[in-house]
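# Descriptive structure summary
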Amino acid sequence: MSQTTANQASSPVIELRGVRKSFRRKEVLRGVDLSVPPGQTFAFLGRNGAGKTTTIRMLLGLLRPDAGQVRVLGLDPQRDALEIRRRVGYLAEDPVLFGWMRVGQLLSFTRPFYPTWDQTWAGELADRFELPMETRIKYLSKGQSVRVALLLALAHRPELVILDDPTLGLDPIMRKEFLRDLVTYLQGERVSVFFSSHLLYEIEPVADSVVILDRGRVVIQAPTEQLRADVKRLIAPLDAEAALRDLPGLLDVSVRGRQVAAVVSDIAAARTALVACPLPVQEMDLNLDEIFEAYVIGQTKESPHAEAHLERVE
Amino acid sequence: MGQLKSLLWKEWRETRIFLWIGLGIFLGLPCVGGLENTFQSAHRFDIFASPWVFMFGGVFAMFVAVATTCRDLVIGIEEFWRSRPVGVVRWFLMKYAVGLAISVTVCVVPLVVEWMLGSRDSELTLALAWMPFLCAALYSVAFAAGCLIRRPAHAAMLALAGLLLIYFLPLVVPPLWIVNTMAMFDVGFRDGAVFIIVSFALGMAGIAVVMLALGIAAVRYRWRIDAGRRLMYGAVGAVLLIIFATAGYQLGTNLPVLQEVHLPDGETVANIRFDGQRGTVVTTQLVVDDLGRESIVIRLRSLDLTPAGIQLGEPRKVVGRLAGYYWNWAQKERVPRATPPGNPDVFYTASIDWWADNECWLGTYSLRADKSAVDYSEIKLWSGGPAEVRTPRIQASGDRLYVMGSQLATFDITNPTAPRLISCVAFSFHPRYGADATAFSLTLPGVPGLPAEGRLRAATQTPDDYYFPDDRVLCEDSDAGGSQVAAWRLSKLTDNVAVFQPIGQWKETFLEELFGAETVESMTLRDGLLYAVPWHHSAAKNFVTVFDLRGPHPLSPAGHFGAPGISAVCPLPDGRALIGGNQLWLVGPPPTRH
Amino acid sequence: MRKLIWKEWNEQSWKLAFGSVVLAALAFIGLRSRILADETMVMWVCFLGFSLLPILASTGLVPAERSDGTLEALLSLPVTPRRILAVKTAIGLLLVAGPMIAAAIVSVALAGNREMDLAAMVILYARSMLTALSLFIWMMALTIRLPSEARAAMLALGVLILLAFIASARLVNPQVPMIVAELSPLSFIHDVVADQKIPAPPLLAIVGVQLGIAAVLWTWASRSLANGAN
């Protein structure tokens, strides 16, 4: 591999630096810094209104940032939007397609826009997704429509696939099938995937890295495994509350009855800090859902969510 | 190339339905009408598509533009194509081109078919040159509206307001004359027609280009007008205000009212006879008795014009024969009649009784010296013979009276009140049918003893023709395809032929049709000002239009006067005029117009 | 109830102002420039008034609210649908009457007793207003179930055309009983626009019939509104 190719292979596929965006005096993105390495599946998490869709639209050049820099595949989406769209597969949240076209017609229509369109591969995907080629889009079910949109996103062998909450509106069975189709494609392909969703327990098995966006800022970006390894919940008797509140990387603390629970972002540092604590402290693993919750709605003071946390603890 | 083909395919598939609908309406329906005509009247097959195209072609183009733009600017679809590697400009240029091609095809093809089927009307020929540009401009306005507003109903309303502005604003703002659509309908009869058409085409092309650029920019930079109910209401209100304001400007009464004389309720002026100082006003009033029977009451009033203004005398009701005299007199030129030279109180009319074997009768009305009664006598001229389509023509010259129908009856009117038949011989004369406003030669009827001038008057003694011998001007009104007035000047008169050169032609515009008078009932010419009086039975819409035959663009309306029940106009030597309707008005001359 | 009136007024008052300004402006332009006889211009303005105002008023009350999605929220308030409809009807009648009155005032000021007798002008406006108000009730009742303003406007236009036919039935066939013509609010102005040889139904008879029809339609509309929530 040449040096250039090596550099390209290692340079981030998505990079945001200090990106800001406001809509009518409401600041949606407040200085987002993000870097997505190539060849990974990147989970982009956040609550409603956190700024996920806004960020994604900026990646495709559909929105202009008020400040900061955006790079996709090393290109500026404002200047090189068309080139980016040729090399990126995009599946929008709740995609809308031309209802009057048949599936086959839509594929034929879309094909000329992508120089790297692989017709054979498109056919294989169509078979795999069991898409009826002669049926008009408007007569397809929701799941079929999403599959058609996924096919359009993948058929041109993109270097980067951006998925904006693609399972929105699908029932649980369909969501499983969709993810299976996606994972099947991803296996063996060194394609970067940027995946935004609410359904963390579904992302968890497939995501290599996670970035959490909250109130217009990136709260954490880390590999999934590392996140799971670092973020833990500590449970101790109430007398240890003061010690727990002083822990470095404290995300959330809650008190119920005679116990106190704290979520920390760096268990190693927390352990070091608790060496001197004489009281027993229990460590618990968290799933991505709980980690996300701690980052996004965790409180270091008495929290209305305290009861919910401690109920689960008990 | 693949991308363009793809876009072209998509736009064609989405928009072709408009082509079929448009051709169905603008070509199919006229063809049905043409077939019906052919079967009913054994007429050669032809179609009359141009009125439909002229009236609704622009609206159709508008709908096509709005539909094609808004379709791809629905939120989800917009997201889809914007996220594809296709440029906005390319996408929408293709959309524009396909929609425009369809709109122009729908507007032009029916005109071409009409032209090919034989209607080589010069106006239609010229319309084939300028209509596509008008269509392009209107389409582009709607295209821009669709790109800015993105909601079909709202965009259509705004586009409609834009369409009306394009039609009517040039009438109100003189610098915009080059894009005056209304002027294109009779451009063939103006000097420099080619220049006018080329200017119009360039102007419309300019509008199209600007609107296209605006539309593309709106999509490219996501400019948007928030369309809501207020925009819709605003567009509806703007449309109405534009129409009314333009009508007010163009058709508003601009003859200065110098004096108004009120008449009692129900009384309407039927005719005015005036010699400049004194005259008579004939009024009519419809009266319904208790049993529901209707009758017309005729009254006379003397008319004096003093430095102080009009003075009307007391009304004098006339009944019986006298009423018949004045009623006939009030019908003006609709009923051919002749007056012996030097005897204005005598007139002759000829009538055909179609129910009684086409009997032709000569009636002689003679007003007694004291004006209190009328002597009336009738002479039967002929009966039988071919059915006569028109009332016979009648002319007096010297001491001879000539009645021209299926026979020619010649009378000695040395005693005007007792005409004496000299001869009655078979006669045929082909009546002059309306010509378009080009030069034409009129063969004069062969009537021994009647000078050429008298024979010319006889030949033009039809309900639609008005020959003004003092000005040597012939005017014609026609209600075929809307109200029209044409004028010619007599350039040569020989013993057999009268040659006329066109002065100009006027066709009722859309506004005038919407607000204006029904067909012209009569015309009066004085000093180059032609007063066209509307059909007086139409009380709902009536105004007098004054045409200037002297100006650089005859016939262009130079003045209007709207008032109820207008029926008679009597121009005065000083440029003023008496107008009779529900009241009697003395009006000044129209302001100078070009 | 006051809050309902406040809500409707806030939503619709701009239409009253707008309609009044436009119709009064049309009357002003037409009469000032004397395009046609005064009576003709007044008839034009009245025609625009009674054909457009009821359509705009009726479609903007319930169908618009339904397409905005706020109707359900309104009907879920602890207020009877009848009361809600009463307030909407009152506002709608105001939206129709207001512009007509504004146009009448301008016409009278500009051209009263000019060509047309002042009383005749006022009576013409009054009869047109009665036509418009009745048409509004018809259109509101018949479009109350429709989901969008556009469809409601199409149906309202169809209602107008149908009622025009009914009003002119006696012109086509004088044997048609008077009561048939009285069923249509356009009979209020029948003798103004039609051939006077066919006698028009007496004004009071039309008023009586239209009031009865309005009561029936309104009751039906309030039931529809109540059922529409389900």
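Helices and strands together make up the secondary structure of chain B, namely eleven helices and 26 strands. Taken over 594 residues, chain B has a buried fraction of 54%. Considering only residue pairs separated by 6 or more positions, chain B has 56% of its internal contacts joining residues 24 or more positions apart. Summed over all atoms, the accessible surface of chain B reaches about 25,200 Å², with 60% contributed by carbon and sulfur.

With that settled, the discussion passes to the pairing of strand 18 (residues 484-493) of chain B. Residues and elements named next belong to chain B. Inspection of the sheet shows strand 17 (residues 473-478) paired to strand 18 by six bridges, in the antiparallel sense. Opposite C475, over in strand 18, you have A487 as the bridge partner. Direction of pairing for strand 18 relative to strand 19 (residues 497-507): antiparallel, over a ladder of nine bridges. Its bridge partner lying in strand 19, V485 is registered against W506. The antiparallel hairpin formed by strand 18 and strand 19 contains three residues in its connecting segment.

All names here are of chain B. Strand order in this open sheet of four strands is 20-21-22-23, and the pairing throughout is antiparallel. The outermost strands of the open sheet, each flanked by one partner alone, are strand 20 (520-526) and strand 23 (556-562). Strand-to-strand twist of the sheet, defined as the mean angle between neighbouring strand axes without regard to direction, takes the value 20°. In this sheet, strand 21 (residues 529-534) lies alongside strand 20 in antiparallel orientation, the contact comprising six bridges. From the neighbouring strand, R526 faces strand 21, where its bridge partner is L529.

This brings us to helix 5 (residues 81-111) of chain C. Given a rise of 1.5 Å per residue, 31 residues ought to cover 45 Å, and the 44 Å separating the end C-alpha atoms of helix 5 of chain C matches this to within 8%. At the C-terminal side of helix 5 of chain C, N113 of chain C shows a positive phi close to 65°.

Residues and elements named next belong to chain B. Counted according to the given criterion, the structure contains 42 salt bridges over all chains. Between E359 and K380 there is a salt bridge; the shortest N-O distance is 3.4 Å. Linking E359 in strand 9 (residues 359-367) with K380 in strand 10 (residues 374-382), this pair joins segments that are 21 residues apart in sequence. For the salt bridge of D375 with R368, the shortest nitrogen-to-oxygen distance reads 2.8 Å. Accessibility expressed as a relative area gives 35% for D375, which makes it partly exposed. Take R368: its relative accessible area is 40%, and that puts it in the partly exposed class. Members of the salt-bridge network, linked through shared partners, are K10, E11, E14, R71, D72 and K95.

Once that is clear, we can look at the confidence of the model for chain A. Residue and element names in this part refer to chain A. The share of residues in chain A with pLDDT of 70 or more is 91%, and the mean pLDDT across the chain is 84. Mean pLDDT in chain A bottoms out at helix 13 (residues 306-313), which sits at 44, and peaks at strand 4 (residues 67-72), which reaches 94. Here residues 1-8 is modelled with pLDDT under 50, and outside its nearest four sequence neighbours on either side it reaches two contacts, counting other chains as well.

In this section: the interface of chain C and chain B. Counting residues at the interface gives 26 residues for chain C and 28 residues for chain B. Together, the buried faces of chain C and chain B total about 2,500 Å²; carbon and sulfur atoms form 70% of this surface. Taken together, the connections running from chain C to chain B amount to zero salt bridges. On the surface where chain C and chain B come into contact, there are four residue pairs in polar contact (both at pLDDT 80 or more). Elements with a minimum of two residues in the side of chain C that touches chain B: helix 1 (2-33), helix 2 (38-59) and helix 3 (63-68) of chain C. Examining the composition of the side of chain C that touches chain B, we find that nine residues originate from one element, helix 1 of chain C, more than from any other. The residue inventory of the side of chain C that touches chain B, partitioned by class, reads 15 nonpolar, four polar and seven charged.

With that out of the way, let us pick up the pairing of strand 9 (residues 217-223) of chain A. All names here are of chain A. Looking at chain direction, strand 8 (residues 209-214) and strand 9 are connected through six bridges and run antiparallel. Following the sheet pairing, D214 is matched in strand 9 by R217. Hairpin geometry of strand 8 and strand 9 is characterised by an intervening segment of two residues between the two adjacent antiparallel strands and by a positive phi of about 50° at R215.

Turning our attention to a nonpolar patch on the surface. Together, W12, I17, W20, I21, I25 and L29 of chain B give the surface a local cluster of nonpolar side chains, amounting to about 560 Å² of exposed area. On the secondary structure map, W20 of chain B appears in helix 1 (residues 2-41).

Attention now moves to the interface of chain B and chain A. Listed per partner, the contact involves 21 residues of chain B and 21 residues of chain A. Between chain B and chain A lies a buried interface of about 2,200 Å² when both sides are counted; carbon and sulfur atoms form 65% of it. Connecting chain B to chain A are one salt bridge. Salt-bridge contacts for R57 of chain A lead to E79 of chain B; the nearest nitrogen and oxygen are separated by 3.0 Å. If you look at where chain B meets chain A, you find eight residue pairs in polar contact (both at pLDDT 80 or more). Mapped by element, the contributors of at least two residues to the side of chain B that touches chain A are helix 1 and helix 3 (75-82) of chain B. Per element, the largest residue contribution to the side of chain B that touches chain A is eight residues, and it comes from helix 1 of chain B. Here the residues of the side of chain B that touches chain A sort into seven nonpolar, six polar and eight charged.

Our focus in this paragraph is the packing of helix 2 of chain C against helix 6 (residues 118-142) of chain C. All names here are of chain C. Axis separation between helix 2 and helix 6 bottoms out at 8 Å; the angle between their running directions is 20°. Overall, the two elements helix 2 and helix 6 adopt an arrangement that is roughly parallel. By crossing handedness, the relation of helix 2 to helix 6 is classed as right-handed. Of the residues in helix 6, those in contact with E39, V42, M43, V45, C46, F50, P54, I55, A57 and S58 of helix 2 are M121, L124, Y125, S128, T131, A132, L135, F136, M139 and M140.

Counting residues in hydrophobic clusters, the biggest one holds 202 residues, and the most contacted among them are L106 of chain A together with F515 of chain B. Top element by residues in this core is helix 5 (residues 122-149) of chain B. It accounts for 17 residues. Two domains each provide a minimum of three residues to this core, namely domain 1 (3-225) and domain 2 (231-313) of chain A. In terms of nonpolar packing, the next biggest core, distinct from the first, is built from 30 residues, I14, L29, L34 and I56 of chain A among them.

Turning our attention to the packing of helix 6 of chain C against helix 7 (residues 149-167) of chain C. Residues and elements named next belong to chain C. For the pair helix 6 and helix 7, interaxial distance at closest approach is 10 Å and the crossing angle is 135°. As summarised for this structure, helix 6 and helix 7 are arranged oblique, according to the angle between their axes. By crossing handedness, the relation of helix 6 to helix 7 is classed as right-handed. Packed against helix 6, whose contacting residues are L135, W138, M139 and L142, the element helix 7 presents L155, A156, V159, L160 and L163 at the interface. When its residues are assigned to classes, the contact of helix 6 with helix 7 shows nine nonpolar, no polar and no charged.

Calculation notes
Residues numbered from 1 in each chain as written. Chains lettered and ligands numbered in written order. Predicted model: local features only at pLDDT ≥ 70, side-chain atom pairs only at ≥ 80, totals over all residues. Heavy atoms only, no water. Helix = DSSP H or I, 4+ residues; strand = E, 2+ residues; numbered from the N terminus. Buried < 20%, exposed > 50% of the residue type's maximum accessible area, 1.4 Å probe, protein only. Contact = heavy atoms within 4.5 Å. Areas by Shrake-Rupley, 256 points an atom, 1.4 Å probe, with all protein chains shown as cover. Pairing = 2+ DSSP bridges. Axes fitted to C-alpha atoms, helices over the stretch in contact; angles between N-to-C directions. Expected span 1.5 Å × (residues − 1). Salt bridge = Lys/Arg side-chain N within 4 Å of Asp/Glu carboxyl O. pLDDT = per-residue confidence, 0-100. Buried area = accessible area lost by both parts, 1.4 Å probe. Polar contact = N/O pair within 3.5 Å; in protein donor to acceptor, adjacent residues only side chain to side chain. Nonpolar A, V, L, I, M, F, W, Y, C, P; charged D, E, K, R; others polar. Patch = residues over 30% accessible without salt bridge, like charges linked within 9 Å, V, L, I, M, F, W, Y side chains within 5 Å. Parallel < 35°, antiparallel > 145°, perpendicular 65-115°, else oblique. Left-handed = near helix turned anticlockwise from the far one by under 90°. Core = buried A, V, L, I, M, F, W, Y, C linked by side-chain atoms within 4.5 Å. Domains from an automatic or database assignment.

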